[in-house]
Amino acid sequence: MTGRCAACGAAPEVFLDFGRMPLANGFLAAGEFDAERFFDLRVACCPSCRLIQLAEPPAPQLMFNDAYPFFSSTSRRMGEHFEELALALMRECGVRDPFIVELGSNDGILLQHCARRGVRHLGVEPSANVAAAGAARGVRSIRRFFDGDAAGEILASCGHADAIVAANVMCHIADIHSALAGVAALLRPGGLFVFEDPYWGDILERTAYDQVYDEHAFYFTVGAVRSLVERHGMELVDACPQQVHGGSMRYTVAHAGRRTVRASVGAWIGRERASGLDRPPALASFRARVEASRGDLVALLRRFRDDGRRVVGYGATSKSTTVINYCGITPDLVECITDTTPAKHGKYSPGAHIPIRPHADFAALRADAAVLFAWNHRDEILEKERAFRDRGGKWILFVPSVRVLE
Ligand code: DWN
(Lines give C-alpha, C1' and ligand atoms only; values in the text may rest on other atoms or scores of the structure.)
Protein backbone atom coordinates (compact mmCIF):
# COMPACT_ATOMS: atom_id res chain seq x y z
CA MET A 1 0.00 0.00 0.00
CA THR A 2 1.52 3.32 -0.95
CA GLY A 3 -0.71 5.82 0.79
CA ARG A 4 -3.75 4.52 -1.10
CA CYS A 5 -6.63 2.37 0.11
CA ALA A 6 -5.78 -1.26 -0.63
CA ALA A 7 -9.36 -1.87 -1.75
CA CYS A 8 -10.47 1.18 -3.74
CA GLY A 9 -7.46 3.45 -4.20
CA ALA A 10 -8.84 6.47 -2.29
CA ALA A 11 -6.62 8.19 0.28
CA PRO A 12 -7.17 6.58 3.71
CA GLU A 13 -7.32 8.85 6.78
CA VAL A 14 -5.11 7.96 9.73
CA PHE A 15 -7.03 7.83 13.03
CA LEU A 16 -4.46 6.20 15.31
CA ASP A 17 -0.70 6.65 15.27
CA PHE A 18 1.42 4.31 17.42
CA GLY A 19 4.67 5.85 16.21
CA ARG A 20 7.80 3.85 15.33
CA MET A 21 7.38 0.15 16.09
CA PRO A 22 9.56 -2.93 15.71
CA LEU A 23 8.28 -6.04 13.89
CA ALA A 24 5.76 -7.76 16.17
CA ASN A 25 7.45 -11.15 15.82
CA GLY A 26 10.97 -9.77 15.49
CA PHE A 27 12.35 -11.54 18.58
CA LEU A 28 16.10 -10.94 18.74
CA ALA A 29 19.27 -12.56 20.00
CA ALA A 30 21.46 -10.32 22.17
CA GLY A 31 23.84 -9.53 19.30
CA GLU A 32 21.07 -8.37 16.96
CA PHE A 33 19.84 -5.22 18.72
CA ASP A 34 21.73 -2.78 16.49
CA ALA A 35 20.21 -4.20 13.29
CA GLU A 36 16.61 -4.07 14.52
CA ARG A 37 14.02 -2.86 11.96
CA PHE A 38 11.37 -0.27 12.77
CA PHE A 39 8.41 1.06 10.81
CA ASP A 40 5.51 3.51 11.30
CA LEU A 41 2.46 1.82 12.79
CA ARG A 42 -0.53 3.92 11.80
CA VAL A 43 -4.12 2.80 11.38
CA ALA A 44 -6.32 4.44 8.78
CA CYS A 45 -9.86 4.24 7.51
CA CYS A 46 -10.78 4.75 3.88
CA PRO A 47 -13.28 7.64 3.59
CA SER A 48 -14.71 6.05 0.47
CA CYS A 49 -15.08 2.29 1.14
CA ARG A 50 -14.56 2.42 4.97
CA LEU A 51 -11.96 -0.37 4.97
CA ILE A 52 -9.80 -0.10 8.11
CA GLN A 53 -6.18 -0.78 7.33
CA LEU A 54 -2.55 -0.06 8.15
CA ALA A 55 -1.37 3.07 6.40
CA GLU A 56 2.06 1.57 5.62
CA PRO A 57 2.32 -2.20 6.14
CA PRO A 58 5.92 -3.48 5.95
CA ALA A 59 6.95 -5.82 3.10
CA PRO A 60 5.58 -9.35 3.73
CA GLN A 61 9.02 -10.99 3.43
CA LEU A 62 10.22 -8.99 6.45
CA MET A 63 7.53 -10.57 8.61
CA PHE A 64 6.86 -14.02 7.18
CA ASN A 65 10.09 -15.85 6.55
CA ASP A 66 11.88 -19.04 7.51
CA ALA A 67 12.30 -17.88 11.09
CA TYR A 68 8.65 -17.09 11.76
CA PRO A 69 8.29 -17.76 15.49
CA PHE A 70 4.52 -18.18 15.84
CA PHE A 71 3.30 -21.78 15.85
CA SER A 72 -0.50 -22.09 15.87
CA SER A 73 -0.54 -25.32 17.85
CA THR A 74 0.58 -23.72 21.14
CA SER A 75 -2.99 -23.46 22.43
CA ARG A 76 -5.13 -26.48 23.29
CA ARG A 77 -8.31 -24.47 22.73
CA MET A 78 -7.17 -23.38 19.28
CA GLY A 79 -6.46 -27.03 18.45
CA GLU A 80 -10.09 -27.87 19.25
CA HIS A 81 -11.34 -24.86 17.31
CA PHE A 82 -9.49 -25.85 14.14
CA GLU A 83 -10.46 -29.51 14.42
CA GLU A 84 -14.11 -28.39 14.47
CA LEU A 85 -13.52 -26.15 11.46
CA ALA A 86 -11.73 -28.89 9.49
CA LEU A 87 -14.57 -31.33 10.14
CA ALA A 88 -17.17 -28.73 9.13
CA LEU A 89 -15.32 -27.99 5.88
CA MET A 90 -15.02 -31.66 4.93
CA ARG A 91 -18.74 -32.04 5.62
CA GLU A 92 -20.00 -28.88 3.94
CA CYS A 93 -18.00 -28.54 0.77
CA GLY A 94 -20.53 -30.82 -0.82
CA VAL A 95 -18.48 -33.51 -2.61
CA ARG A 96 -17.45 -37.03 -1.63
CA ASP A 97 -13.74 -36.74 -2.36
CA PRO A 98 -12.91 -33.10 -1.63
CA PHE A 99 -9.74 -31.13 -2.28
CA ILE A 100 -9.15 -28.58 0.49
CA VAL A 101 -6.63 -25.76 0.23
CA GLU A 102 -5.52 -23.75 3.24
CA LEU A 103 -3.88 -20.35 2.86
CA GLY A 104 -1.27 -19.83 5.59
CA SER A 105 -1.36 -23.39 6.91
CA ASN A 106 1.30 -22.69 9.58
CA ASP A 107 2.14 -25.86 11.56
CA GLY A 108 -0.78 -27.87 10.19
CA ILE A 109 -3.12 -27.28 13.13
CA LEU A 110 -6.13 -27.51 10.77
CA LEU A 111 -5.01 -29.58 7.77
CA GLN A 112 -3.68 -32.39 9.98
CA HIS A 113 -7.31 -33.44 10.37
CA CYS A 114 -7.65 -33.78 6.60
CA ALA A 115 -4.31 -35.60 6.37
CA ARG A 116 -5.32 -38.11 9.05
CA ARG A 117 -8.51 -38.93 7.16
CA GLY A 118 -6.79 -39.24 3.81
CA VAL A 119 -8.56 -36.14 2.47
CA ARG A 120 -6.75 -34.46 -0.42
CA HIS A 121 -5.36 -31.14 0.78
CA LEU A 122 -2.68 -28.53 0.18
CA GLY A 123 -1.31 -25.86 2.47
CA VAL A 124 0.16 -22.64 1.09
CA GLU A 125 2.67 -21.42 3.62
CA PRO A 126 5.54 -18.96 3.08
CA SER A 127 7.48 -19.83 6.27
CA ALA A 128 9.51 -23.03 5.94
CA ASN A 129 10.04 -23.55 9.66
CA VAL A 130 6.35 -23.66 10.59
CA ALA A 131 5.55 -25.65 7.42
CA ALA A 132 8.13 -28.26 8.53
CA ALA A 133 6.14 -28.72 11.74
CA GLY A 134 3.07 -29.25 9.54
CA ALA A 135 4.91 -31.81 7.41
CA ALA A 136 5.70 -33.74 10.60
CA ARG A 137 1.92 -33.97 11.09
CA GLY A 138 1.47 -35.35 7.58
CA VAL A 139 0.40 -32.05 6.01
CA ARG A 140 1.35 -31.38 2.39
CA SER A 141 2.17 -27.78 1.61
CA ILE A 142 3.98 -25.50 -0.82
CA ARG A 143 6.34 -22.74 0.25
CA ARG A 144 5.00 -19.44 -1.02
CA PHE A 145 2.71 -16.47 -0.47
CA PHE A 146 -0.78 -16.90 -1.86
CA ASP A 147 -1.69 -14.61 -4.75
CA GLY A 148 -3.15 -14.83 -8.24
CA ASP A 149 -0.01 -16.55 -9.59
CA ALA A 150 0.02 -19.15 -6.82
CA ALA A 151 -3.66 -19.87 -7.50
CA GLY A 152 -2.90 -20.40 -11.21
CA GLU A 153 -0.10 -22.86 -10.41
CA ILE A 154 -2.24 -24.85 -7.97
CA LEU A 155 -5.09 -24.93 -10.46
CA ALA A 156 -2.78 -26.23 -13.19
CA SER A 157 -1.23 -28.93 -11.00
CA CYS A 158 -4.12 -29.98 -8.72
CA GLY A 159 -7.35 -28.67 -10.24
CA HIS A 160 -10.08 -26.66 -8.53
CA ALA A 161 -10.39 -26.58 -4.75
CA ASP A 162 -13.71 -27.64 -3.27
CA ALA A 163 -13.00 -25.53 -0.22
CA ILE A 164 -10.45 -22.87 0.53
CA VAL A 165 -9.83 -21.92 4.13
CA ALA A 166 -7.75 -19.18 5.73
CA ALA A 167 -7.64 -18.57 9.48
CA ASN A 168 -6.00 -15.35 10.59
CA VAL A 169 -4.46 -14.97 7.17
CA MET A 170 -6.60 -12.78 4.89
CA CYS A 171 -6.14 -9.77 7.18
CA HIS A 172 -2.38 -10.28 6.73
CA ILE A 173 -2.36 -10.02 2.92
CA ALA A 174 -1.82 -6.38 1.93
CA ASP A 175 -2.37 -7.18 -1.75
CA ILE A 176 -5.88 -8.30 -0.96
CA HIS A 177 -7.15 -8.06 -4.54
CA SER A 178 -4.53 -10.46 -5.85
CA ALA A 179 -5.40 -12.94 -3.09
CA LEU A 180 -9.15 -12.67 -3.70
CA ALA A 181 -8.70 -12.97 -7.47
CA GLY A 182 -6.68 -16.13 -6.76
CA VAL A 183 -9.43 -17.51 -4.54
CA ALA A 184 -12.10 -16.79 -7.16
CA ALA A 185 -10.05 -18.60 -9.82
CA LEU A 186 -9.02 -21.60 -7.69
CA LEU A 187 -12.39 -22.28 -6.09
CA ARG A 188 -14.68 -24.76 -7.85
CA PRO A 189 -17.99 -23.19 -8.87
CA GLY A 190 -20.23 -24.09 -5.93
CA GLY A 191 -17.26 -24.49 -3.58
CA LEU A 192 -16.77 -22.59 -0.33
CA PHE A 193 -14.18 -20.08 0.78
CA VAL A 194 -14.17 -19.82 4.57
CA PHE A 195 -11.96 -17.41 6.44
CA GLU A 196 -11.80 -15.91 9.87
CA ASP A 197 -9.99 -12.91 11.28
CA PRO A 198 -10.17 -10.66 14.34
CA TYR A 199 -13.37 -8.62 14.03
CA TRP A 200 -13.12 -4.82 14.12
CA GLY A 201 -16.31 -4.61 16.19
CA ASP A 202 -14.68 -6.67 18.97
CA ILE A 203 -11.40 -4.76 18.78
CA LEU A 204 -13.32 -1.52 19.14
CA GLU A 205 -15.63 -2.71 21.91
CA ARG A 206 -12.80 -4.25 23.96
CA THR A 207 -10.25 -1.50 23.27
CA ALA A 208 -8.06 -4.39 22.08
CA TYR A 209 -5.55 -2.07 20.45
CA ASP A 210 -2.86 -4.74 20.72
CA GLN A 211 -4.47 -6.43 17.70
CA VAL A 212 -2.88 -3.63 15.71
CA TYR A 213 0.59 -4.61 14.55
CA ASP A 214 2.56 -4.97 11.35
CA GLU A 215 1.14 -8.36 10.32
CA HIS A 216 -2.48 -7.19 10.49
CA ALA A 217 -2.86 -5.11 7.36
CA PHE A 218 -6.69 -5.06 7.72
CA TYR A 219 -9.30 -4.86 10.50
CA PHE A 220 -12.37 -6.21 8.77
CA THR A 221 -16.03 -5.43 9.21
CA VAL A 222 -18.72 -7.61 7.64
CA GLY A 223 -19.64 -4.71 5.35
CA ALA A 224 -16.07 -4.29 4.15
CA VAL A 225 -15.68 -8.01 3.46
CA ARG A 226 -18.91 -8.11 1.48
CA SER A 227 -17.73 -5.25 -0.75
CA LEU A 228 -14.28 -6.78 -1.22
CA VAL A 229 -15.48 -10.20 -2.33
CA GLU A 230 -18.15 -8.73 -4.62
CA ARG A 231 -15.39 -7.11 -6.66
CA HIS A 232 -14.22 -10.63 -7.53
CA GLY A 233 -17.53 -12.16 -8.60
CA MET A 234 -18.08 -13.70 -5.20
CA GLU A 235 -20.69 -13.25 -2.51
CA LEU A 236 -20.58 -13.24 1.28
CA VAL A 237 -23.09 -15.91 2.26
CA ASP A 238 -22.59 -16.12 6.03
CA ALA A 239 -20.94 -14.23 8.87
CA CYS A 240 -20.59 -16.06 12.13
CA PRO A 241 -18.88 -14.63 15.25
CA GLN A 242 -16.19 -16.69 16.99
CA GLN A 243 -14.86 -16.42 20.54
CA VAL A 244 -11.25 -17.14 19.59
CA HIS A 245 -8.44 -14.57 19.44
CA GLY A 246 -10.39 -12.08 21.47
CA GLY A 247 -13.37 -11.97 19.11
CA SER A 248 -13.21 -13.02 15.48
CA MET A 249 -15.65 -13.29 12.59
CA ARG A 250 -15.91 -16.31 10.32
CA TYR A 251 -16.85 -15.36 6.77
CA THR A 252 -18.26 -17.87 4.30
CA VAL A 253 -17.93 -16.84 0.67
CA ALA A 254 -19.05 -18.50 -2.59
CA HIS A 255 -19.20 -17.56 -6.24
CA ALA A 256 -22.11 -15.16 -6.75
CA GLY A 257 -25.48 -16.88 -7.02
CA ARG A 258 -24.16 -20.34 -6.07
CA ARG A 259 -25.25 -20.50 -2.43
CA THR A 260 -28.08 -19.06 -0.37
CA VAL A 261 -27.13 -15.85 1.41
CA ARG A 262 -27.97 -16.25 5.09
CA ALA A 263 -29.79 -13.62 7.10
CA SER A 264 -26.67 -13.21 9.28
CA VAL A 265 -25.00 -11.11 6.56
CA GLY A 266 -27.72 -8.46 6.40
CA ALA A 267 -28.17 -8.55 10.18
CA TRP A 268 -24.47 -7.88 10.85
CA ILE A 269 -24.28 -5.14 8.27
CA GLY A 270 -27.39 -3.52 9.75
CA ARG A 271 -25.81 -3.65 13.21
CA GLU A 272 -22.58 -2.18 11.87
CA ARG A 273 -24.40 0.70 10.20
CA ALA A 274 -26.39 1.44 13.35
CA SER A 275 -23.29 1.43 15.57
CA GLY A 276 -21.18 3.47 13.14
CA LEU A 277 -18.17 1.34 14.03
CA ASP A 278 -16.17 2.59 11.03
CA ARG A 279 -17.22 6.25 11.31
CA PRO A 280 -15.11 9.13 12.64
CA PRO A 281 -16.84 9.45 16.07
CA ALA A 282 -16.28 5.75 16.89
CA LEU A 283 -12.68 5.89 15.65
CA ALA A 284 -11.91 9.04 17.68
CA SER A 285 -13.44 7.51 20.80
CA PHE A 286 -11.34 4.35 20.26
CA ARG A 287 -8.20 6.47 20.07
CA ALA A 288 -9.10 8.24 23.32
CA ARG A 289 -9.68 4.91 25.08
CA VAL A 290 -6.39 3.52 23.78
CA GLU A 291 -4.51 6.52 25.15
CA ALA A 292 -6.28 6.22 28.50
CA SER A 293 -5.49 2.49 28.64
CA ARG A 294 -1.81 3.23 28.11
CA GLY A 295 -1.81 5.69 31.03
CA ASP A 296 -3.60 3.22 33.30
CA LEU A 297 -1.29 0.32 32.50
CA VAL A 298 1.91 2.31 32.99
CA ALA A 299 0.61 3.75 36.29
CA LEU A 300 -0.28 0.28 37.56
CA LEU A 301 3.08 -1.22 36.61
CA ARG A 302 4.94 1.68 38.23
CA ARG A 303 2.95 1.13 41.42
CA PHE A 304 4.00 -2.52 41.49
CA ARG A 305 7.62 -1.59 40.84
CA ASP A 306 7.67 1.15 43.47
CA ASP A 307 6.20 -1.29 46.00
CA GLY A 308 9.07 -3.66 45.26
CA ARG A 309 6.78 -6.28 43.71
CA ARG A 310 8.10 -8.46 40.87
CA VAL A 311 6.13 -8.45 37.62
CA VAL A 312 6.64 -10.80 34.68
CA GLY A 313 4.80 -11.13 31.37
CA TYR A 314 2.87 -14.24 30.29
CA GLY A 315 2.94 -15.05 26.56
CA ALA A 316 5.37 -13.30 24.20
CA THR A 317 2.57 -12.62 21.75
CA SER A 318 2.71 -10.52 18.61
CA LYS A 319 0.16 -8.31 20.32
CA SER A 320 2.48 -7.71 23.27
CA THR A 321 4.94 -5.93 20.97
CA THR A 322 2.39 -3.17 20.40
CA VAL A 323 1.45 -2.86 24.08
CA ILE A 324 5.03 -2.94 25.35
CA ASN A 325 6.42 -0.43 22.88
CA TYR A 326 3.41 1.89 22.76
CA CYS A 327 3.28 2.04 26.57
CA GLY A 328 7.07 2.29 26.91
CA ILE A 329 7.26 -0.81 29.14
CA THR A 330 10.89 -1.58 29.96
CA PRO A 331 12.51 -4.47 31.88
CA ASP A 332 12.31 -2.48 35.13
CA LEU A 333 8.50 -2.75 34.88
CA VAL A 334 8.22 -6.27 33.41
CA GLU A 335 11.41 -8.21 34.09
CA CYS A 336 10.87 -11.08 31.65
CA ILE A 337 8.17 -12.82 29.62
CA THR A 338 7.60 -16.55 29.77
CA ASP A 339 6.37 -18.40 26.70
CA THR A 340 5.88 -22.00 25.60
CA THR A 341 7.51 -21.51 22.16
CA PRO A 342 11.09 -22.88 22.05
CA ALA A 343 11.97 -20.57 19.12
CA LYS A 344 11.45 -17.53 21.37
CA HIS A 345 13.46 -18.80 24.36
CA GLY A 346 16.70 -16.99 25.17
CA LYS A 347 15.69 -14.14 22.85
CA TYR A 348 14.54 -10.60 23.63
CA SER A 349 11.25 -8.93 22.90
CA PRO A 350 11.14 -6.60 19.89
CA GLY A 351 11.93 -2.98 20.72
CA ALA A 352 12.02 -3.07 24.53
CA HIS A 353 14.38 -6.09 24.70
CA ILE A 354 12.68 -7.83 27.60
CA PRO A 355 14.15 -11.34 28.04
CA ILE A 356 11.95 -14.27 26.93
CA ARG A 357 12.14 -17.32 29.17
CA PRO A 358 10.67 -20.80 28.87
CA HIS A 359 7.27 -21.38 30.39
CA ALA A 360 8.95 -23.97 32.62
CA ASP A 361 10.49 -21.03 34.55
CA PHE A 362 7.15 -19.39 35.33
CA ALA A 363 6.50 -21.09 38.66
CA ALA A 364 10.13 -20.84 39.81
CA LEU A 365 10.18 -17.07 39.17
CA ARG A 366 7.65 -16.66 42.00
CA ALA A 367 6.55 -13.32 40.58
CA ASP A 368 4.06 -11.24 42.51
CA ALA A 369 2.15 -10.46 39.34
CA ALA A 370 2.01 -11.46 35.69
CA VAL A 371 0.77 -9.33 32.79
CA LEU A 372 -1.43 -11.61 30.71
CA PHE A 373 -0.20 -10.66 27.24
CA ALA A 374 -1.91 -13.80 25.86
CA TRP A 375 -5.27 -12.55 27.18
CA ASN A 376 -7.07 -14.15 24.24
CA HIS A 377 -6.21 -17.55 25.79
CA ARG A 378 -7.28 -16.40 29.23
CA ASP A 379 -9.57 -19.29 30.25
CA GLU A 380 -7.06 -21.91 29.17
CA ILE A 381 -4.18 -20.15 30.93
CA LEU A 382 -5.97 -19.32 34.17
CA GLU A 383 -7.04 -22.92 34.47
CA LYS A 384 -3.52 -24.18 33.79
CA GLU A 385 -1.91 -21.72 36.20
CA ARG A 386 -4.24 -22.18 39.15
CA ALA A 387 -1.24 -22.67 41.45
CA PHE A 388 -0.02 -19.12 40.65
CA ARG A 389 -3.20 -17.58 42.02
CA ASP A 390 -3.42 -20.04 44.89
CA ARG A 391 -0.11 -18.80 46.23
CA GLY A 392 -1.19 -15.15 45.89
CA GLY A 393 0.07 -14.29 42.37
CA LYS A 394 -1.95 -11.57 40.66
CA TRP A 395 -2.92 -11.43 37.00
CA ILE A 396 -2.69 -8.00 35.40
CA LEU A 397 -5.14 -7.56 32.52
CA PHE A 398 -5.42 -4.67 30.08
CA VAL A 399 -8.27 -5.81 27.80
CA PRO A 400 -11.00 -4.61 27.93
CA SER A 401 -9.62 -2.37 30.72
CA VAL A 402 -6.55 -2.26 32.92
CA ARG A 403 -7.09 -4.12 36.17
CA VAL A 404 -5.73 -6.65 38.60
CA LEU A 405 -7.75 -9.84 38.61
CA GLU A 406 -8.90 -10.46 42.18
O1 DWN B 1 -2.80 -13.41 13.49
C2 DWN B 1 -1.98 -13.90 14.20
C3 DWN B 1 -2.43 -14.64 15.39
C4 DWN B 1 -3.59 -15.52 15.13
O5 DWN B 1 -1.40 -15.41 15.95
C6 DWN B 1 -0.55 -13.82 13.91
N7 DWN B 1 -0.26 -12.63 13.19
C8 DWN B 1 0.41 -14.16 14.98
C9 DWN B 1 -0.20 -14.73 16.22
O10 DWN B 1 -0.46 -13.65 17.10
P11 DWN B 1 -0.09 -13.76 18.64
O12 DWN B 1 1.35 -14.05 18.77
O13 DWN B 1 -0.59 -12.53 19.30
O14 DWN B 1 -0.96 -15.04 19.01
P15 DWN B 1 -1.32 -15.75 20.34
O16 DWN B 1 -2.02 -16.99 20.02
O17 DWN B 1 -2.02 -14.85 21.27
O18 DWN B 1 0.10 -16.10 20.99
C19 DWN B 1 0.19 -16.80 22.14
C20 DWN B 1 1.64 -16.82 22.61
O21 DWN B 1 1.60 -17.19 23.97
C22 DWN B 1 2.47 -17.84 21.89
O23 DWN B 1 3.80 -17.39 21.79
C24 DWN B 1 2.43 -19.05 22.81
C25 DWN B 1 2.25 -18.44 24.16
N26 DWN B 1 1.44 -19.22 25.07
C27 DWN B 1 1.99 -19.56 26.29
O28 DWN B 1 3.13 -19.21 26.60
N29 DWN B 1 1.22 -20.31 27.14
C30 DWN B 1 0.18 -19.58 24.72
C31 DWN B 1 -0.59 -20.33 25.57
C32 DWN B 1 -1.99 -20.73 25.21
C33 DWN B 1 -0.03 -20.73 26.82
O34 DWN B 1 -0.69 -21.42 27.63
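Refer to the structure above for everything that follows.
Caption draft 1: Just the side chain of Thr338, in detail. Here Thr338 shows up in strand β13 (residues 337-339). On the accessibility criterion, Thr338 (1% relative accessible area) is buried. When near neighbours in sequence (up to four residues on either side) are disregarded, Thr338 contacts Gly313, Tyr314, Gly315, Ala316, Arg357, Pro358, His359, Phe362 and Leu365.

Caption draft 2: Quick look at helix α10 (residues 280-306). Its 27 residues give α10 an end-to-end C-alpha distance of 39 Å, which sits within 8% of 39 Å, the value for a rise of 1.5 Å per residue. Of the residues making up α10, those classed as buried are Ala282, Leu283, Phe286, Val290, Ser293, Leu297, Val298, Leu300, Leu301 and Phe304. Remark: Gly308 follows α10 within two positions and exhibits a positive phi of approximately 75°.

Caption draft 3: Spatial organisation of the sheet that holds strand β14 (residues 356-358). Across the sheet, which stays open at both edges, the six strands sit in the order β14-β13-β12-β15-β16-β17 with mixed pairing between neighbours. Looking at the sheet topology across the chains shown, the edges are occupied by β14 and β17 (403-405). Adjacent strand axes in the sheet meet at a mean angle of 35°, parallel and antiparallel pairs treated alike. Relative to β14, β13 runs parallel, the two sharing three bridges. Across the sheet, Thr338 pairs through a bridge with Arg357, a residue of β14.

Caption draft 4: Inspection of the packing of helix α8 (residues 222-230) against helix α9 (residues 263-275) at higher detail. Packing of α8 against α9 brings their axes to within 8 Å, and their N-to-C directions diverge by 125°. Taken together, α8 and α9 sit at an angle that is classed as oblique. Residue-level inspection shows Val222, Gly223 and Arg226 of α8 in contact with α9, the latter providing Val265, Trp268, Ile269, Glu272 and Arg273. Tallied by class, residues from the contact of α8 with α9 come to four nonpolar, one polar and three charged.

Caption draft 5: The arrangement of the site of the ligand in detail. Near the ligand, the surroundings consist of 26 residues, among which Glu215, Lys319, Asp339, Lys344 and Lys384 are the closest. Between Glu215 and the ligand, the recorded distance is 2.5 Å, taken from a side-chain N or O atom to a nitrogen atom. Note that an oxygen atom of the ligand is positioned 2.8 Å from one of the side-chain N or O atoms of Ser318. When the ligand is considered free in solution it has 710 Å² of accessible area, and contact with the protein chains removes 97% of it. Broken down by secondary-structure element, the contributors of at least two residues to the shell around the ligand are α11 (318-327) and α13 (378-384). A per-element tally of the shell around the ligand places α13 first, with three residues. Counted by class, the shell around the ligand contains seven nonpolar, 13 polar and six charged residues.

Caption draft 6: Looking closely at the packing of aromatic side chains. Scanning all chains against the criterion turns up 20 aromatic pairs. Geometrically, the ring pair formed by Phe388 and Trp395 is edge-to-face, given 4.9 Å between the ring centres and 65° between the ring planes. The exposure classification of Phe388 matches that of Trp395, with both residues buried. One aromatic cluster is present, formed by Phe193, Phe195, Phe218, Phe220 and Tyr251 through successive ring pairs. Positioned over the ring face of Trp268 is Arg271, at 4.4 Å from the centre of the ring. Taking the ring centre of Tyr326 as reference, the NZ or CZ of Arg294 above it sits at 4.1 Å.

Caption draft 7: Region of the structure containing the side chain of Arg50. With respect to the helices and strands, Arg50 occurs in the loop between β2 (38-45) and β3 (52-54). One buried charged side chain, Arg50, makes no salt bridge at all; its nearest oppositely charged neighbour is Asp278, positioned 4.4 Å away. Setting aside residues up to four positions removed in sequence, Arg50 forms contacts with Cys45, Asp278, Arg279 and Pro280.

Caption draft 8: Geometry of the packing of α10 against α11. Contact pair α10 / α11: the axes reach a minimum separation of 10 Å and the direction vectors enclose 75°. Comparing their axes, α11 and α10 come out roughly perpendicular. Contacts between α10 and α11 pair Val290, Glu291, Arg294, Leu297 and Val298 from the former with Val323, Tyr326 and Cys327 from the latter.

Calculation rules
Residues numbered from 1 in each chain as written. Predicted model: local features only at pLDDT ≥ 70, side-chain atom pairs only at ≥ 80, totals over all residues. Heavy atoms only, no water. Helix = DSSP H or I, 4+ residues; strand = E, 2+ residues; numbered from the N terminus. Buried < 20%, exposed > 50% of the residue type's maximum accessible area, 1.4 Å probe, protein only. Contact = heavy atoms within 4.5 Å. Expected span 1.5 Å × (residues − 1). Pairing = 2+ DSSP bridges. Axes fitted to C-alpha atoms, helices over the stretch in contact; angles between N-to-C directions. Parallel < 35°, antiparallel > 145°, perpendicular 65-115°, else oblique. Nonpolar A, V, L, I, M, F, W, Y, C, P; charged D, E, K, R; others polar. Near = heavy atom within 4 Å. Polar contact = N/O pair within 3.5 Å; in protein donor to acceptor, adjacent residues only side chain to side chain. Areas by Shrake-Rupley, 256 points an atom, 1.4 Å probe, with all protein chains shown as cover. Phe/Tyr/Trp six-rings, centres within 6.5 Å; stacked < 30°, edge-to-face > 60°. Lys NZ or Arg CZ within 6 Å of the ring centre and 35° of its normal. Lys, Arg positive; Asp, Glu negative; His and termini not counted. Salt bridge = Lys/Arg side-chain N within 4 Å of Asp/Glu carboxyl O.

Limitation: the analysis is restricted to geometry and does not speak to function.
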